[in-house]
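# Fold and geometry: a report
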Amino acid sequence: MRSQRLNYFDIVIIGGGHAGVEAAWAAAHMLAGRGTVALVSMDPNAIGRMSCNPAIGGLAKGQMVREIDALGGLMGHAIDAAGIQFRMLNKSKGPAVQSPRAQADKYAYARAVQQLLREHCPNLTVVSGIADRLLVEPLSALEATTQPAARRIAGVALESGETLHCRCAIVTTGTFLRGLMHTGEAKTEGGRVGEQSSRGMSACLEALGFELGRLKTGTPPRVARETVDFSALEQQPGDAVPVPFSDLTGTPDAPLARQFPLLSQSPCWITYTNEPIHALIRENLHRAPMYSGQIHGRGPRYCPSLEDKVVRFADKPQHQVFLEPESLDTNEIYCNGISTSLPTDVQERIVHGISGLEHARILKWGYAVEYDFCPTHQISATLETRRVAGLFLAGQINGTSGYEEAAGQGLVAGINAARRIRDEGPFTLRRDQAYIGVMIDDLITKTPTEPYRMFTSRAEFRLTLRSDNTDQRLTQTGYELGLATRPRLERLQAKLAAMTAAMQTLRTCRTTEGVCAYDLLRRPDVAWEELSSRINSPQLRAMFAEPTICAVMPDVQIQARYAGYIGREKRSAAHLHALEDKILPANINFAAMVELRKEAREALNKFHPGTLGQASRLEGLTPSDLTILMMYVSGRKRATAQ
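Now for a quick tour of the structure. Every value quoted in this text rests on a predicted model; they were computed, and no experiment measured them.

### Some thoughts on the environment of Arg-222
Structurally, Arg-222 can be placed in strand β14 (residues 222-224). Taking the C-alpha atoms as reference points, Arg-222 and Gln-318, 96 residues apart in sequence, are found 20 Å from one another. Once residues within four sequence positions are removed from consideration, Arg-222 is found in contact with Ser-51, Cys-52, Glu-326, Ile-333, Tyr-334, Arg-361, Ile-362, Leu-363 and Lys-364. One polar contact links Arg-222 to Thr-219, side chain to side chain, over a distance of 2.7 Å.

### Some words on the sheet that holds strand β3 (residues 55-57)
The strand order across the open sheet built from 3 strands is β3-β5-β4, with neighbouring strands paired in antiparallel fashion. Bordering the open sheet on either side are β3 and β4 (83-89), each of which pairs with just one other strand. If you compare each strand with its neighbour and ignore which way they point, the axes differ by 15° on average. Where β3 lies against strand β5 (residues 99-104), 3 bridges are found, and the strand directions are antiparallel. Pairing of Ile-56 across the sheet is with Ala-102, part of β5.

### With respect to the packing of aromatic side chains
In this description, a pair of aromatic rings is defined by centroid distance and the angle of the planes. Evaluated as defined, the whole model comprises 3 aromatic pairs. Judged by centre distance (4.9 Å) and plane angle (65°), the rings of Phe-86 and Phe-260 are edge-to-face. Of this pair, Phe-86 sits in strand β4 while Phe-260 sits in the loop between β15 (234-236) and β16 (268-272), placing them 174 residues apart in sequence. The ring of Tyr-452 carries the charged tip of Arg-458 above its face, separated from the ring centre by 4.2 Å.

### A short note on the pattern of salt bridges
Note that side chains of opposite charge can pair when their charged atoms are close. For the structure on display, the rule yields 39 salt bridges. The shortest N-O distance in the salt bridge between Arg-488 and Asp-69 comes to 3.0 Å. Of the two residues, Arg-488 is situated in helix α14 (residues 486-508) and Asp-69 in helix α2 (residues 61-71); the sequence distance between them amounts to 419 residues. With respect to class, Arg-488 is no different from Asp-69; both count as buried. Between Glu-599 and Arg-597 there is a salt bridge, and its shortest N-O distance comes to 3.3 Å. Overall, Glu-599 belongs to the partly exposed group, its relative accessible area being 46%. Sharing partners across several salt bridges, the network here consists of Arg-431, Asp-441, Asp-442, Glu-460, Glu-580 and Arg-617.

### Re the side chain of Glu-580
Note on placement: Glu-580 falls in helix α19 (residues 563-580). At 2.6 Å, the side chain of Glu-580 forms a polar contact with the side chain of Arg-617. Glu-580 has contacts with Thr-611, Gly-613, Gln-614 and Arg-617, leaving out every residue within four places of it along the chain.

What counts, and at which threshold
- Residues numbered from 1 in each chain as written.
- Predicted model: local features only at pLDDT ≥ 70, side-chain atom pairs only at ≥ 80, totals over all residues.
- Heavy atoms only, no water.
- Helix = DSSP H or I, 4+ residues; strand = E, 2+ residues; numbered from the N terminus.
- Contact = heavy atoms within 4.5 Å.
- Polar contact = N/O pair within 3.5 Å; in protein donor to acceptor, adjacent residues only side chain to side chain.
- Pairing = 2+ DSSP bridges.
- Axes fitted to C-alpha atoms, helices over the stretch in contact; angles between N-to-C directions.
- Phe/Tyr/Trp six-rings, centres within 6.5 Å; stacked < 30°, edge-to-face > 60°.
- Lys NZ or Arg CZ within 6 Å of the ring centre and 35° of its normal.
- Salt bridge = Lys/Arg side-chain N within 4 Å of Asp/Glu carboxyl O.
- Buried < 20%, exposed > 50% of the residue type's maximum accessible area, 1.4 Å probe, protein only.

So this is what it looks like as structure tokens:
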């Protein structure tokens, strides 16, 4: 990671949050020895900073981090280096919904991100400044025939007056586009406490013809550790045997040569709100920006503020609050579950009304932040905009919420920008291939009206998209992209060979009653460790004596136990592939398809899907509309731009 300034870069990335760093990591690695990348940040020391919750992973989100890692991304390495508590969620449930989650030392996390970029991205230059404008130029006549855009990106102008010329730009501005923070009646411009907002970029996007919307998110108060009465609270420890996010952690090939876990595991604590607190909130709703009309953007439905919870779930006598340490080196405790923008005097009474926090000293007040985003009918599955060629959007600018969602988009945008520089075709992930693919497909077929958050319930192939098989799903793809390393691929190949050998042995060993070990393994009441005691087989005992075989047996058992369900998902995925393989031309004229209903034409013109599969998931299209569209795709009808 270089610090000197240059006037030209192949790719310029605006923003150093989770989307920006993942885009920088991917682009720099894929252009190693072939191109240069710049990362523009208001404050280079804030690169990789955790703005809100000091944690990575969670339900569905943990799968996304594992997918990022399998493809060769950065986030898994950073959290494994900075995690202070690791837990596998839903261990008592099926493998489809089990997800890894880790509490992070948020300062160590930012340091790990910056170290990864500095030590492993020599063709990456960090530029300190505020991106003010995007510079564009007309497409050539030949280029205009292959894509819907009329213009292409030419550079990024900074507030300082400096211009960075480039062939691709990736905008990952988070909550900083006309960011406005609210605490009660008080309003402060900025995307994060102590950091200013970006107004010029919003104006530039509007001038380029982009439609902008307004969303809102929030954060809770933080309290001082030494003023919390933990004796009254339920403790939540980490797993006795923590599982890393990255497949390379603990191996000689890890980019950060550190012991896992780096820091001793720290517990979290659980407490609750109560009815007097809820009554206090109801009495002060007129002072809450979301209810007074002060905030116009819509907040996240699935991560609501405390005042939202009290209004929407009026029958609930209490709400859970997790007290999470933000670092081992500071006294900050994050009060997860009481995100609020109420005035500080009300926040103080709320905090002191919670068990264990009666005498807590508040270090930071909660606040809401309102910001601009670009409704996602304006981008394709590669995250490239349809108005400006070579311009990509990733993260909260696309209406998502969460570090992991942002990082997944940043990785895809970085990959596609690098492939564009290398004159290679687009890269996309299918819905049956990755949660990242589900997220992006959701975004480009249904514009978010509230901050988008990933859940396992959004994925129709969630048994296929498990956290334990991300390497099998994506590492080969990452290697072919030039992002995942050769040692990572070799580890996958060795794992697959061990799984195949185990399967073959299990099918040959039988009980005295004639039941083979493979069929026994499929039973829900039989653990793989019990097989050798239930089947007297030297071959089986020899297999379990090999550490490489034992390491893959949990994966083998999942595949054996859920083979029927996985097969059903594969058949459904094959039908999906048939639709996704039918490409809709970039210059197709949906308005000319007079056989389609008006609602269908409007939806197609708005989202401009790239495949028949994407079109099938648009709101407003019926099966008969799809039949007509298939006729155009098959060439039996013609509808191209004149």
